[in-house]
Amino acid sequence: EGWAGLYRSFGVTLLTNLPYGMVMVSTNEFLRDTLMEWKENSDADNNANIHGHGHVLDFQTTILSGCGAGAVASAVTAPLDRVKTRLQTQRFANAQPIYHEAAKACPKAKAIVQSKLKYNGLVDAFQTIVKEEGFVGLWRGLAPRMMTHTPAVAISWTTYETAKKWLSTTSTS
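Note that the structure is a prediction, hence the values are computed from the model and not measured.

Draft legend 1. Looking closely at the overall build of the protein chain. Across its full length, the protein chain holds 7 helices and 2 strands. Helices (α) and strands (β) of the protein chain occur, in sequence order from the N terminus, as α-α-α-α-β-α-β-α-α. Looking at the protein chain residue by residue over its 173 residues, the buried ones come to 27%. Once local pairs closer than 6 in sequence are excluded, the contacts in the protein chain between residues at least 24 apart make up 76%.

Given below as structure tokens:
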């Protein structure tokens, strides 16, 4: 397939990852601000704000906002990811076992991948999934997607915020 094969799904990957990133970052910011405001209000109500903890981003807030961001972003962009995965794996859908001369020439050969493509692009893949499986087919695999993205985003944001806090304290010391 050459170099073109490496970049065949680059466009659809960008089309999936850009909205995912936008939803994830904006949701994280929103949840973080909302949680911090809620904590400030509850601290003020309990007179616990005496120690100056009102505006400090803590570990729990970072983890919760990251979890929420990962869950929302993975759920919202699941249809795009489903279409992307179908486009990227369509060449493997027609793999056929072989038991003829090719197997003799290469004993480790188990299958030959036919080059017939099922989809003619993003719109065709989307329409085919809806036609064959209904709209619910676009969200097939949502649970495993959310189960992997939710903790991954929480870990990423927590690591980022912790490193940022550590670097800011060591640079001022």
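Draft legend 2. Expanded view of the environment of Pro151. As for its position among the elements, Pro151 is in helix H7 (residues 142-172). With 82 residues separating them along the chain, Pro151 and Ala69 place their C-alpha atoms 9.9 Å apart.

Draft legend 3. Expanded view of helix H6 (residues 122-133). Across its 12 residues, H6 extends 16 Å between first and last C-alpha, which sits within 8% of the 16 Å expected from 1.5 Å per residue. Looking one or two residues past H6, Gly134 carries a phi angle of roughly 80 degrees, positive in sign.

Draft legend 4. Local environment of the pattern of salt bridges. Under the definition given, this model contains 11 salt bridges. Close ionic contact of Lys84 with Asp81 constitutes a salt bridge, the shortest N to O distance being 3.3 Å. Here the residue Lys84 and the residue Asp81 both occupy positions in helix H4 (residues 78-89), the gap between them amounting to 3 residues, near one helical turn. Each of the two residues, Lys84 as well as Asp81, counts as buried.

Draft legend 5. The arrangement of helix H3 (residues 59-76) in detail. Here H3 spans 26 Å end to end across 18 residues, near enough to the 26 Å set by a 1.5 Å rise per residue. What H3 keeps buried is the set Thr61, Thr62, Ser65, Gly66, Gly68, Ala69, Gly70, Ala71, Ala73 and Ser74.

Draft legend 6. Local environment of the side chain of Asn28. Along the polypeptide, Asn28 turns up in helix H2 (residues 10-45). In terms of polar contacts, Asn28 uses its side chain to reach the backbone amide nitrogen of Gly66, at 3.4 Å. Look past the residues within four positions of Asn28 in its chain and what remains in contact with it is Ser65, Gly66, Ala69 and Trp157.

Draft legend 7. The arrangement of the environment of Asn17 in detail. Along the chain, the position of Asn17 falls in helix H2. Judged by its relative accessible area of 43%, Asn17 is partly exposed. Counting along the chain gives 60 residues from Asn17 to Thr77, while the straight-line C-alpha distance between them is 8.5 Å.

Draft legend 8. Quick look at the packing of aromatic side chains. Inspection of every chain in the model, using the stated rule, returns 1 aromatic pair. Seen in terms of ring centroids, Trp157 and Tyr160 are 5.7 Å apart; in terms of plane orientation they differ by 85 degrees. Their pairing is edge-to-face. With Trp157 and Tyr160 both in helix H7 and 3 residues apart, this pair spans about one turn of that helix. Judged by relative accessible area, which is 13%, Trp157 ranks as buried.

Cut-off values and rules
- Position numbers for residues count from 1 along each chain, tracking the sequence in the order it is written.
- Two thresholds apply to this predicted model, a pLDDT of at least 70 for residue-level local features and 80 or more for giving and counting side-chain atom pairs, whereas whole-chain, interface and lining totals are computed over all residues.
- Only hydrogens and water are set aside when side-chain values are computed; all heavy atoms of the structure are taken into account.
- A run of H or I in DSSP counts as a helix once it spans at least four residues, and a run of E counts as a strand once it spans at least two, with each numbered from the N terminus.
- We call a residue buried when its accessible area falls under 20% of the maximum for its residue type, exposed when it is over 50%, and partly exposed in between, using a 1.4 Å probe and counting protein chains only.
- We call two residues in contact whenever any of their non-hydrogen atoms come within 4.5 Å of each other.
- The span expected for a helix works out to 1.5 Å for each residue beyond the first.
- The rule for a salt bridge is simple: a side-chain nitrogen of Lys or Arg has to be within 4 Å of a carboxyl oxygen of Asp or Glu.
- Any pair of N or O atoms that falls within 3.5 Å is considered a polar contact. Within protein, one atom must be able to donate a hydrogen and the other to accept it, and sequence-neighbouring residues count only if both atoms are side-chain atoms.
- Here is the rule: rings of Phe, Tyr and Trp (six-membered ring for Trp) pair when centre to centre is within 6.5 Å. Planes less than 30 degrees apart are stacked, more than 60 are edge-to-face, and the remainder are tilted.

As far as function goes, none of this settles anything; it's purely spatial.
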